[in-house]
Amino acid sequence: VGKVQFGSIKKGDKVKIEVNYGRRSQVAKNHTATHILNFALRKVLGGKVDQQSSSLKPGSFTFDFNANAPLTTEQLVQVEEITNS
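Residues numbered from 1 in each chain as written. Predicted model: local features only at pLDDT ≥ 70, side-chain atom pairs only at ≥ 80, totals over all residues. Heavy atoms only, no water.

For any pair of aromatic rings, the description rests on two quantities: the centre-to-centre distance and the angle between the ring planes. This model, assessed by the stated rule, comprises 1 aromatic pair. Measuring from centroid to centroid gives 6.1 Å for Phe63 and Phe65, while their planes differ by 45 degrees, and the two rings are tilted. (Phe/Tyr/Trp six-rings, centres within 6.5 Å; stacked < 30°, edge-to-face > 60°.)

A word on the pattern of salt bridges. Scanning the model with the defined rule gives 2 salt bridges in all. Its salt-bridge partner being Asp13, residue Lys10 comes within 3.4 Å of it at the nearest N-O pair. For Lys10, a relative accessible area of 61% translates into the label exposed. Across the salt bridge formed by Glu18 and Lys16, the nearest N and O atoms sit 4.0 Å from each other. (Salt bridge = Lys/Arg side-chain N within 4 Å of Asp/Glu carboxyl O. Buried < 20%, exposed > 50% of the residue type's maximum accessible area, 1.4 Å probe, protein only.)

What follows is about the pairing of strand 1 (residues 50-57). As paired strands, strand 1 and strand 2 (residues 60-66) are joined by 7 bridges and run antiparallel to one another. Across the sheet, Asp50 pairs through a bridge with Asn66, a residue of strand 2. Between strand 1 and strand 2, which pair antiparallel in sequence order, lie 2 residues. (Pairing = 2+ DSSP bridges. Helix = DSSP H or I, 4+ residues; strand = E, 2+ residues; numbered from the N terminus.)

Structure below.
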């Protein structure tokens, strides 16, 4: 996420950027968590899982997916165990 603070930019312009490394490190952890969750879902449900989207924020993330049926309690526990191990 970036903002132009002064003026405007066009193709070929030189720009100076600053990275908020504190925010970036938090978002990176959540990005990794989406990969772990997707792995766990595929391991438990097989190839019938499709990640639809994810939203990454420093303190949280959402992960939307489609499957052939709702997860059973047992499947949810298995996904949690794989994700948290």
